[in-house]
Amino acid sequence: QVQLVESGGGLVQAGGSLRLSCAASGSIFSINAMGWYRQAPGKQRELVATITSGGSTNNAACVKGRFTISRDNAKNTVYLQMNSLKPEDTAVYYCKADGVLTTIYRGDYWGQGTQVTVSS
């Protein structure tokens, strides 16, 4: 069974930084893409950034220049470095792994979410 475990959320002042991590565990052969999504209260979940196994990235316009996604394929781990945080970045951040290949299945998985709160 595949599990995604996120860490690194917390409370930070506007202008500060946080680094999120998400590690995928289980009998994993490969993962196509990994990414971060976020959901603020009363809003739909939205894409923050994704990264393929080859390192190609896609960032939401609202985080370009402030957030950087990276990945360690050997550790099945994805990171999100968040700088210059704004109060509007406050949300629950979710990790997602697409195209996870195991011994018996290929599918997509979500983490449980980690809260990021940015105070003004």
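This is a predicted model, so every value here is computed, not measured. (Residues numbered from 1 in each chain as written. Predicted model: local features only at pLDDT ≥ 70, side-chain atom pairs only at ≥ 80, totals over all residues. Heavy atoms only, no water.)

Asks: Kindly report on the overall build of the protein chain, identifying the contributing residues and their values.
Replies: In terms of regular secondary structure, the protein chain is built from zero helices and twelve strands. Each helix and strand of the protein chain, ordered N terminal to C terminal, gives the series β-β-β-β-β-β-β-β-β-β-β-β. Compactness check: the protein chain gives a C-alpha radius of gyration of 14 Å against a globular reference of 14 Å for 120 residues, within 12% of the reference. For the protein chain, the spread of C-alpha atoms along the three principal axes comes to 45 × 25 × 20 Å. (Helix = DSSP H or I, 4+ residues; strand = E, 2+ residues; numbered from the N terminus. Rg over C-alpha atoms; globule rule 2.2 N^0.38 Å.)

Asks: Please set out the environment of Gly8 residue by residue, giving values where relevant.
Replies: If you trace the backbone, Gly8 turns up in the loop between β1 (3-7) and β2 (10-13). By relative accessible area, which is 32% here, Gly8 ends up partly exposed. Separated by ten residues in sequence, Gly8 and Leu18 have C-alpha atoms that sit 6.9 Å apart. Contacts of Gly8, omitting those with residues within four sequence positions, involve Leu18, Arg19 and Leu20. (Buried < 20%, exposed > 50% of the residue type's maximum accessible area, 1.4 Å probe, protein only. Contact = heavy atoms within 4.5 Å.)

Asks: Residue-level account of the side chain of Thr102, with values.
Replies: If you trace the backbone, Thr102 turns up in strand β10 (residues 91-102). Since its relative accessible area comes to 12%, Thr102 is described here as buried. With near-sequence residues (within four places) excluded, Thr102 lies in contact with Val2, Ser27, Ile28 and Phe29.

Read these as geometric descriptors, not functional statements.
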